[in-house]
Number of protein chains: 2
Amino acid sequence: MKLRRSGRLVDMTHYLLQNPQGLVPLSLFADRYGSAKSSISEDLGIIKQTFEEQGIGTLITVPGAAGGVKYIPSVSNKEAASYIEELCEIIAKPERLLPGGYLYMTDILGNPKVLNKVGKMFATAFNHKKVDIVMTMATKGIPLAHAVASYLNVPVVIVRRDSRVTEGSTVSINYVSGSSKRIQTMVLAKRSLETGSNVLIIDDFMKAGGTVSGMVNLLSEFQANVAGIGILVESEHIEERLIEDYVSLVKLEKVNEKDRQIEVAQGNYLEHVQSNTPLK
Amino acid sequence: MKLRRSGRLVDMTHYLLQNPQGLVPLSLFADRYGSAKSSISEDLGIIKQTFEEQGIGTLITVPGAAGGVKYIPSVSNKEAASYIEELCEIIAKPERLLPGGYLYMTDILGNPKVLNKVGKMFATAFNHKKVDIVMTMATKGIPLAHAVASYLNVPVVIVRRDSRVTEGSTVSINYVSGSSKRIQTMVLAKRSLETGSNVLIIDDFMKAGGTVSGMVNLLSEFQANVAGIGILVESEHIEERLIEDYVSLVKLEKVNEKDRQIEVAQGNYLEHVQSNTPLK
């Protein structure tokens with residue numbers, strides 16, 4: 001179907017947004033619209049400029065016969081800062097307090113707008129790393145992991161506390177929960193992760209880091225590598241933390257059940273993205 | 001920031017795709033770009049035409065002072081038919097067979113491209129219903145439920161087998177698993193679902209329908225309504241099925257563990273969408 005520039009811009013924008021991180025040969029667009037490659041190049045110039053000006057991300061052009069264009073989603077530091085502030089306010093609401101000083105976060109983790117934004121932010125933070133797959137622990141981290149994975153265009157693998165018949169053979173490890181010091185088990189389906197994979201670990205909450213460090217140990221059983229660790233909310237912890245190198249959006253500073261007060265602060269996300277090497 | 005038509009088309013396409021089902025006043029775009037409403041109307045005409053021609057969905061214009069434009073994602077029947085065929089092939093691969101005649105589907109449910117497509121298809125199937133929230137059972141249905149919810153722009157609520165301290169007070173019911181006839185429990189956080197909500201139930205697999213019918217019973221405890229039921233894979237079942245009114249993409253006809261054969265067919269998705277009243 002032959003499309004004019006205006007139609008091409010709409011369809012190419014949709015196509016690129018649906019295929020983040022994928023290399024799209026210019027010939028795919030040229031064939032799709034019956035247009036010359038030179039016209040497609042001009043279209044891509046307009047899209048790139050608009051994506052950058054509007055904070056949608058950027059387009060990277062790879063020259064040569066095997067080349068093409070790649071959409072890299074990203075969130076500007078300014079937008080990230082304002083969203084982290086918004087998240088802090090949402091999380092600090094006293095009605096989130098549950099008996100035992102726990103926080104109710106189910107609504108946040110079920111909200112597609114929050115997930116979408118947070119997913120894009122983590123994708124931005126790990127844009128410069130090679131990520132083959134995103135890993136999380138069942139069940140609360142799953143939506144977040146999928147939101148990140150959709151922007152990185154990679155699959156998700158889920159670690160469980162028990163093995164299921166529908167997962168086939170599994171590898172299981174024991175680990176010590178950092179805060180409660182209890183021995184727990186985590187399992188991963190054997191065929192769900194390839195040797196040598198670069199794995200981004202995503203979780204909704206981290207206290208002492210026992211679960212995350214368990215996932216790191218599990219990865220070594222699969223001879224896989226940790227590409228990064230992203231945490232939505234980390235809790236302030238006096239004792240030694242088991243995990244040092246991670247990116248967090250929100251830090252829980254103090255939870256006072258009696259006075260029904262929750263104090264939160266920014267996590268280390270902004271420091272982390274500011275120290276990243278810029279995208280080529 | 002003042003944008004020319006070409007830039008506006010790119011940015012408006014991104015904005016609409018990010019905000020499905022939401023009513024966007026024309027003044028939002030007019031202010032955003034410093035353009036006249038008449039220009040924005042023309043832009044929207046181009047976007048609507050391209051969305052429809054390229055099978056992205058459609059735009060609905062609501063006239064009047066409180067009006068605006070709404071992006072309704074949808075998959076054409078032709079595209080849906082070809083994708084269901086593709087899914088059938090993926091699912092019928094003999095290497096999916098696990099001991100006991102179970103099927104390994106973890107890779108399918110972890111693949112963002114599959115989830116995205118299937119999510120959009122279910123959103124299409126239930127476009128004409130009022131859906132306030134998507135519900136699923138932990139853990140395998142979660143990614144699918146989120147994919148559907150992101151196209152319907154509604155939150156997700158997750159039913160669990162056990163209650164967690166981080167969920168606050170819960171409502172729990174007992175139900176009889178349809179195929180194994182065992183009594184099981186499912187729980188839902190009390191504050192996760194409002195009275196009178198219209199709930200779309202999404203799950204990855206249905207055999208006799210015990211789990212789904214449990215979720216239907218759970219909804220009545222919350223005085224909530226079933227807006228629809230969407231199932232990725234239903235298994236052929238000789239005995240009486242507990243659930244009659246559902247939409248499925250793939251039907252498992254026969255699993256022969258000895259000969260390592262899996263026979264699949266299309267579910268009732270296409271019949272269902274063809275009988276829907278067209279979008280206004």
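Residues numbered from 1 in each chain as written. Chains lettered and ligands numbered in written order. Predicted model: local features only at pLDDT ≥ 70, side-chain atom pairs only at ≥ 80, totals over all residues.

*Asks:* Honestly, the interface of chain B and chain A in this entry has me stumped. Any pointers?
*Replies:* Where the parts come together, the accessible area they lose is often given as the size of the interface. At the interface, 41 residues of chain B touch 41 residues of chain A. Elements with a contribution of two residues or more to the side of chain B that touches chain A: α1 (5-18), α3 (37-53), α7 (142-152) and β5 (156-159) of chain B. The element contributing the most residues to the side of chain B that touches chain A is α1 of chain B, with eight residues. Within the side of chain B that touches chain A, the residues separate by chemical class into 21 nonpolar, 17 polar and three charged. (Contact = placed C-beta atoms within 7 Å. Helix = DSSP H or I, 4+ residues; strand = E, 2+ residues; numbered from the N terminus. Nonpolar A, V, L, I, M, F, W, Y, C, P; charged D, E, K, R; others polar.)

*Asks:* What exactly am I supposed to notice about the relation of the copies chain B and chain A here?
*Replies:* Turning chain B through 180 degrees and shifting it by 0.0 Å along the axis lays it on chain A, with an RMSD of 0.0 Å. Given the turn and translation reported, the copies of this chain are related as if by a two-fold rotation axis. By residue overlap, the copies meet face to face through one surface: 100% of the interface positions of chain B are interface positions in chain A. (Least-squares fit on C-alpha atoms with pLDDT ≥ 70 in both.)

*Asks:* What's the story with the domain arrangement of chain A in this structure? I'm lost.
*Replies:* Residues and elements named next belong to chain A. With domains assigned, chain A is organised as domain 1 (5-73) and domain 2 (77-275). Computed from C-alpha atoms alone, the centre-to-centre distance between domain 1 and domain 2 is 33 Å. With seven residues of domain 1 in contact, the opposing surface of domain 2 contributes seven residues. When grouped by side-chain class, the residues that make up the side of domain 1 that touches domain 2 number three nonpolar, four polar and no charged. (Domains from an automatic or database assignment.)

*Asks:* For this particular structure, what's the right way to read the sheet that holds strand β11 (residues 261-266) of chain B?
*Replies:* Either a parallel or an antiparallel arrangement is found when strands of a sheet pair, and the pairing is made through backbone hydrogen bonds. Residues and elements named next belong to chain B. In spatial order, the strands read β5-β4-β8-β9-β10-β11; together these six strands make up an open sheet with mixed pairing. Because the sheet does not close on itself, it has two edges, and the strands there are β5 and β11. Averaged over all pairs of adjacent strands, the angle between strand axes in this sheet comes to 25 degrees, irrespective of strand direction. Along the sheet face, α7 touches β4 (133-137), β5, β8 (198-206) and β9 (225-235) and points at about 175 degrees away from the line of β4. (Pairing = 2+ DSSP bridges. Axes fitted to C-alpha atoms, helices over the stretch in contact; angles between N-to-C directions.)

*Asks:* Is there a simple way to think about the packing of helix α7 (residues 142-152) of chain A against α7 of chain B in this case?
*Replies:* How two helices sit against one another is set out by the angle between their axes and by the gap between those axes. Contact geometry of α7 of chain A with α7 of chain B gives a least axis separation of 9 Å together with a crossing angle of 60 degrees. When the axes of α7 of chain A and α7 of chain B are compared, the pair comes out oblique. Where α7 of chain A crosses over α7 of chain B, the handedness of that crossing is right-handed. Along its contact with α7 of chain A, which presents I142, P143 and H146 of chain A, the element α7 of chain B presents I142, P143 and H146 of chain B. Residue composition of the contact of α7 of chain A with α7 of chain B, by class: four nonpolar, two polar and no charged. (Parallel < 35°, antiparallel > 145°, perpendicular 65-115°, else oblique. Left-handed = near helix turned anticlockwise from the far one by under 90°.)

*Asks:* Is there a simple way to think about the pairing of β11 of chain B in this case?
*Replies:* A regular strand places its side chains so that they alternate between the two faces of the sheet. All names here are of chain B. Where strand β10 (residues 247-256) meets β11, six bridges bridge the pair, whose relative direction is antiparallel. Looking across to β11, one finds that K254 is bridged to E263. Linking β10 to β11, which pair antiparallel, is a turn of four residues; within it R260 sits at a positive phi near 50 degrees.

*Asks:* Mind showing me how you'd approach the packing of helix α1 (residues 5-18) of chain A against α1 of chain B here?
*Replies:* The N-to-C vectors of α1 of chain A and α1 of chain B enclose an angle of 40 degrees; their axes lie 9 Å apart at closest approach. When the axis of α1 of chain A is compared with that of α1 of chain B, the two are oblique. Considering the relative orientation of α1 of chain A and α1 of chain B, their crossing is right-handed. The residues of α1 of chain B that touch α1 of chain A, namely those facing S6, L9, V10, T13, H14 and L17 of chain A, are S6, L9, V10, T13, H14 and L17 of chain B. Its residues assigned to classes, the contact of α1 of chain A with α1 of chain B comprises six nonpolar, six polar and no charged.

*Asks:* What is the right way to look at α7 of chain A in this model?
*Replies:* Because the α-helix completes a turn every 3.6 residues, residues three or four places apart line up on one side. Residues and elements named next belong to chain A. The buried fraction of α7 is high, at 11 of 11 residues. When α7 is considered as a whole, its buried residues turn out to be I142, P143, L144, A145, H146, A147, V148, A149, S150, Y151 and L152. Positive phi appears at N153, one or two residues downstream of α7, with a value of about 55 degrees. (Buried ≥ 20, exposed ≤ 12 C-beta atoms within 10 Å, placed from the backbone.)

*Asks:* Sorry if this is basic, but what is going on with the pairing of β5 of chain B here?
*Replies:* All names here are of chain B. Going residue by residue along β5, you find V156 and I158 tucked away on one face and V157 and V159 tucked away on the opposite face as well. Where β4 and β5 come together, four bridges link them in parallel fashion. Paired with M137 across the strands is V159, a residue of β5. Since β4 and β5 lie parallel, the crossover through α7 that links them has a hand, and here it is right-handed. (Right-handed = clockwise from strand over helix to strand, strands pointing away.)

*Asks:* So what exactly am I meant to see when it comes to the nonpolar core here?
*Replies:* What tends to happen in soluble globular proteins is that the nonpolar side chains get buried as a cluster. Core analysis: the biggest nonpolar cluster contains 130 residues, and V134 and V148 of chain A together with V134 and V148 of chain B have the highest contact counts within it. Excluding anything up to four places from it in sequence, V134 of chain B contacts A145, V148, A149, L152, V154, V156, L200 and I202 of chain B. If you look at the next biggest cluster of nonpolar residues, it comprises 29 residues, including Y71 of chain A together with L9, F29 and Y33 of chain B. (Core = buried A, V, L, I, M, F, W, Y, C linked by C-beta atoms within 7 Å.)

*Asks:* Mind showing me how you'd approach the environment of F205 of chain A here?
*Replies:* All names here are of chain A. Here F205 lies in strand β8 (residues 198-206). Here F205 falls in the buried class, since 21 other C-beta atoms lie within 10 Å of it. Distance from F205 to V233, taken between C-alpha atoms, is 4.9 Å for residues 28 residues apart in sequence. Discounting chain neighbours no more than four positions away, the residues touching F205 are L232 and V233.

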